[in-house]
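Residue-level listing of the chains:
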Protein chains: 2
Amino acid sequence: MTRKPDDETVSAWIALARAHRLAMSGIEARLKAAGLPSLSWYDVLWELEKAGEDGLRPFELERALLFEQYNLSRLMDRMVKSGLVDRCVCPDDRRGQTLRISTEGRALRHRMWAVYGDAIAEVIGGRLSAGEAQALAAMLGKLG
Amino acid sequence: MTRKPDDETVSAWIALARAHRLAMSGIEARLKAAGLPSLSWYDVLWELEKAGEDGLRPFELERALLFEQYNLSRLMDRMVKSGLVDRCVCPDDRRGQTLRISTEGRALRHRMWAVYGDAIAEVIGGRLSAGEAQALAAMLGKLG
DNA sequence: CCAATATAGATGCAATTGCATCAATATCAA
DNA sequence: TTGATATTGATGCAATTGCATCTATATTGG
């Protein structure tokens, strides 16, 4: 009976989970300390900002960010209520809607980036050279 | 104004978050499909199994797994109630307690590993050579 | 020793997540 | 066309998480 995942694979997974938890908690802590919302809000704002005028359908956002449908649905409730995102009627699918970032949303994303960017620099950049970071990204890309 | 995190660093973080989410959801989905509890249960069982006879104090488990205190406290309630973990009096600190894995706990961990190990093999092993996995683990290790 | 402080773990309550399922369209096959 | 199926997004309810705070015991400085 050969072991299914070899030791290198297991170690890679453990290291991935650990590194993620560590980086994530460091970043989230900094955002919270600055009185800012959590990363998932940032991710939504950034996707919508990139999408521009046309906005995005919830299901597109859902796939882009790998969110659960019900989760995104409720996150959008909150973000719309907070005035960061506009829910617009969707011309070509009456089941659906179009989401667009608001001016306030853009402003918040910008303020968040100031903290988020610094946090990435500290948590990741401070520990890897640019070359290492590039190699890491490439390797991780294969997992997608 | 120099950008704080350079592009390679940002890419590495994005890739890390994405790879983690993807691998995690694949693994959790397989566990759930097999009617098994989630990874955090596995992590606890495995730590306690490694700790052996002496068991571990909650705060040790907390640090080993990077759990929040209140989170672990409640997880232990559930696992003790499920008969997977024994809560024992702690001889040298009357505030504390000692956690030990039960026989049932060991059995469950074993059954979980069958699924979990396969999942790691598919989600990670299937996409990286042993050499790549080793390199990835090394790089991720620097983030700890 | 004793008061001040720190550490271990629990818990009430609010917010979020997960699960199952629903209603409303859209699409497709006969 | 039309009935069957698929897709989009919402929602009731249970489980989990997060936050703040509490109690009990340990430790430490005077």
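Scope of this entry: the structure provided in the associated data block. (Residues numbered from 1 in each chain as written. Chains lettered and ligands numbered in written order. Predicted model: local features only at pLDDT ≥ 70, side-chain atom pairs only at ≥ 80, totals over all residues. Heavy atoms only, no water.)

Over the atoms rolls a probe the size of a water molecule, and in doing so it shows where empty space is left. Residues and elements named next belong to chain A. In this structure, the second largest pocket spans a volume of roughly 220 Å³. Surrounding the second largest pocket, 13 residues form its lining, Pro58, Phe59, Gln69, Gly96 and Gln97 being those nearest its centre. Classifying every residue of the lining of the second largest pocket gives four nonpolar, four polar and five charged. (1 Å grid on protein atoms, 1.4 Å probe; cavity = no way out; pocket = protein on both sides within 12 Å on 5 of 7 lines; lining within 4 Å. Points joined across faces, edges and corners; volume = space filled by probe spheres on them. Nonpolar A, V, L, I, M, F, W, Y, C, P; charged D, E, K, R; others polar.)

Now for the protein's contact with DNA strand D. Not every one of the 20 residues close to DNA strand D is listed here, only the nearest: Lys32, Phe59, Ser73 and Arg95 of chain A together with Tyr70 of chain B. When atoms of DNA strand D within 4 Å of the protein are split into backbone and base, the sugar-phosphate part holds 60%. Between Ser73 of chain A and DNA strand D, the recorded distance is 2.8 Å, taken from a side-chain N or O atom to a phosphate oxygen. In the environment of DNA strand D, a sugar or linking oxygen lies 3.4 Å from a nitrogen or oxygen atom belonging to the side chain of Arg95 of chain B. Only α3 (58-65) and α4 (69-81) of chain A together with α4 (69-81) of chain B provide two or more residues apiece to the surface near DNA strand D. Residue classes in the surface near DNA strand D are distributed as four nonpolar, five polar and eleven charged. (Near = heavy atom within 4 Å. Polar contact = N/O pair within 3.5 Å; in protein donor to acceptor, adjacent residues only side chain to side chain. Helix = DSSP H or I, 4+ residues; strand = E, 2+ residues; numbered from the N terminus.)

Below, the discussion takes up the environment of Val123 of chain A. Considering the arrangement of structural elements, one finds Val123 of chain A in helix α5 (residues 103-125). The class for Val123 of chain A is buried, based on a relative accessible area of 14%. Taking the C-alpha atoms as reference, Val123 of chain A lies 8.9 Å from Met24 of chain A; in sequence the two are 99 residues apart. In contact with Val123 of chain A, not counting residues within four places along its chain, are Ala23, Ile27 and Arg30 of chain A together with Leu143 of chain B. (Buried < 20%, exposed > 50% of the residue type's maximum accessible area, 1.4 Å probe, protein only. Contact = heavy atoms within 4.5 Å.)

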